[in-house]
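# Coordinates in review
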Amino acid sequence: MEGEKEIHPVPSSMKANVWAHFGFYKSRGKELDVMFESHTAMNVNMMFHAVADEWNLTVADVVIVTDNAANMLAAVQLGNFTHIPCFAHTLDLAAQRALKLNTVSRLLGRIRRVTGFFHRSPIASHTLQEKQKLLQLPAHKLKTDVATRWNSAYEMVERFLEQQPAICAALLSPQVRKGGSSGDICTLTENDISTAEEMAKALKPLKEATNIMSEDSSPTLSVTAPLLAQLLHDTKASSAEDDAPLVQEIKVAIHEDLSKRYTSVQMKNSLLISSTLDPRFKALPFLSREEQQLIHGKVVTEAAALEKDVGPAAVGAENPDTTEEESPPAPKRASALVSLLGKTFTEVNVVPKTTSTKAEEELKKYLEAPPLSLAENPLQWWSSHEAAFPLLGKLAKRYLCIPGTSVAAERVFSTAGDIVTAQRSNLSPDHVDQLVFLQKNLKIVNDGDEPSSTA
């Protein structure tokens, strides 16, 4: 079994989702554990250890990815686990802070009243559809935000702006006005529309970053540091001087919240080493030269420590033509050249390289290679180049398998909700665990990445 293993707890249901990785391809094993005890830090920590013991893992093998809940943070500290805060949740906290600004909050309230009216009134909803056809707008329904998902507020504003002409026409139509229920529903002023456009523009980078972190087919931990650095750069005061006052307010709120995240040395090192091992971000352009060298030194140190796991055969795997079955070459007969010049030109004994030297050479060669396009998958790149970088490849497996968010874990619980229906309410927790495991891993077997077996 290659790579690190992560435990993703979800506080609301307190189930643990464990991912076991076996290489660079579709290599996830998922398991659900239910926790019935009180969700105290001590009990959560005991659950972490119980799941790790079940998978025969040590504390050093486990990386905990959680939200920023106090009991989660305390549980991780009690167990001395490596902890990575969910970056999607971090983005949510920053966005929620921006949404609580007075101007933003009032505007969202006004838009929410309009969208809620169209959801409640069949006449208004039907009239809106007619106006959409007349104005040749997309036949999209209006959205209303949900308090627990900041991006729903962004999507509500975005959809409102898209359908603003149809909304205005529908509210002014005789059919809707005759109903009398729209008396207290007013269209937004031009100033309100401009404010909504500015707000959507300011929040769009967070929305895009959230979508990136929600990917399930490529590494997300390695993209966290570049995204965080870019967001901090784009929201700092000096870059917002030419923006509208509201946009400046939003950027300041986001910057102040993000700047206090991922401040521990352990978290920073984990993020930056992961980014270094991702061929898309290995240049680390957002760091100073001194910071880059420091991270490179940590990569070399950790890669060198892995040689005992890789073994000399794997380190010498750069020559694919060499196999263990080959017989040693027959000793060459002494030639005339050796007889004449052997005393002058003696054979030089090759001094074995240290593990640190091997790791340094691998890293130098890796950094000199062309960077991977942002549109490419780094896991496929490593699968093709693992033989050329055996030490770094082993280290990449340990880091790139760590997710930067618990989004995928949330999806597992959604899958469990689809399995445990009213008609299947008697399923035992063990059977639910097995069904979820099969549903999430059947594709691996079907694709031929894992040998099939019969149960």
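What you see is a predicted model, and the numbers here were worked out from it, not measured in a lab.

Below, the discussion takes up the nonpolar core. One broad trend across soluble globular proteins is that nonpolar side chains are buried collectively. Core analysis: the biggest nonpolar cluster contains 84 residues, and F118, M199, L203, I250 and L392 have the highest contact counts within it. Here this core gets 9 residues from one element, more than from any other, and that element is helix α9 (residues 190-213). When near neighbours in sequence (up to four residues on either side) are disregarded, F118 contacts A124, S125, L128, L142, I167, A170 and L171. Membership of the second largest hydrophobic core comes to 14 residues, among which are M47, A75, V76 and F81.

What follows is about the confidence of the model for the protein chain. Counting all residues, the mean pLDDT for the protein chain is 82, and 80% of those residues have values of 70 or more. Per-element mean pLDDT across the protein chain ranges from 44 in strand β1 (residues 5-10) up to 96 in helix α13 (residues 289-304). Contacts for the low-pLDDT stretch residues 1-15, under 50 throughout, to residues beyond four places or in other chains number 81 contacts.

Once that is clear, we can look at helix α11 (residues 245-258). Along an α-helix, residues three or four positions apart point the same way, because every turn accommodates 3.6 residues. Given a rise of 1.5 Å per residue, 14 residues ought to cover 20 Å, and the 20 Å separating the end C-alpha atoms of α11 matches this to within 8%. Those residues of α11 that sit buried are L246, V247, I250, K251, A253, I254, D257 and L258. The buried residues of α11 occupy an angular sector of 160° when the element is viewed end-on, so they sit on one face. Where α11 is buried, its residues touch α3 (87-99), α4 (102-120), α9 and α10 (221-235).

A separate point is the packing of aromatic side chains. Taken as a whole, this structure holds 10 aromatic pairs when the rule is applied. Among the aromatic residues, ring-to-ring pairing joins Y366, W381, W382 and F389 into one connected group. The ring of Y366 is capped by K282, whose NZ or CZ atom sits 4.7 Å from the centre of that ring. If you follow K365 out to its NZ or CZ, it ends over the ring of F389, 5.6 Å from the centre.

The rules behind the values
- Residues numbered from 1 in each chain as written.
- Predicted model: local features only at pLDDT ≥ 70, side-chain atom pairs only at ≥ 80, totals over all residues.
- Heavy atoms only, no water.
- Core = buried A, V, L, I, M, F, W, Y, C linked by side-chain atoms within 4.5 Å.
- Buried < 20%, exposed > 50% of the residue type's maximum accessible area, 1.4 Å probe, protein only.
- Helix = DSSP H or I, 4+ residues; strand = E, 2+ residues; numbered from the N terminus.
- Contact = heavy atoms within 4.5 Å.
- pLDDT = per-residue confidence, 0-100.
- Expected span 1.5 Å × (residues − 1).
- Arc of directions from axis to C-beta.
- Phe/Tyr/Trp six-rings, centres within 6.5 Å; stacked < 30°, edge-to-face > 60°.
- Lys NZ or Arg CZ within 6 Å of the ring centre and 35° of its normal.

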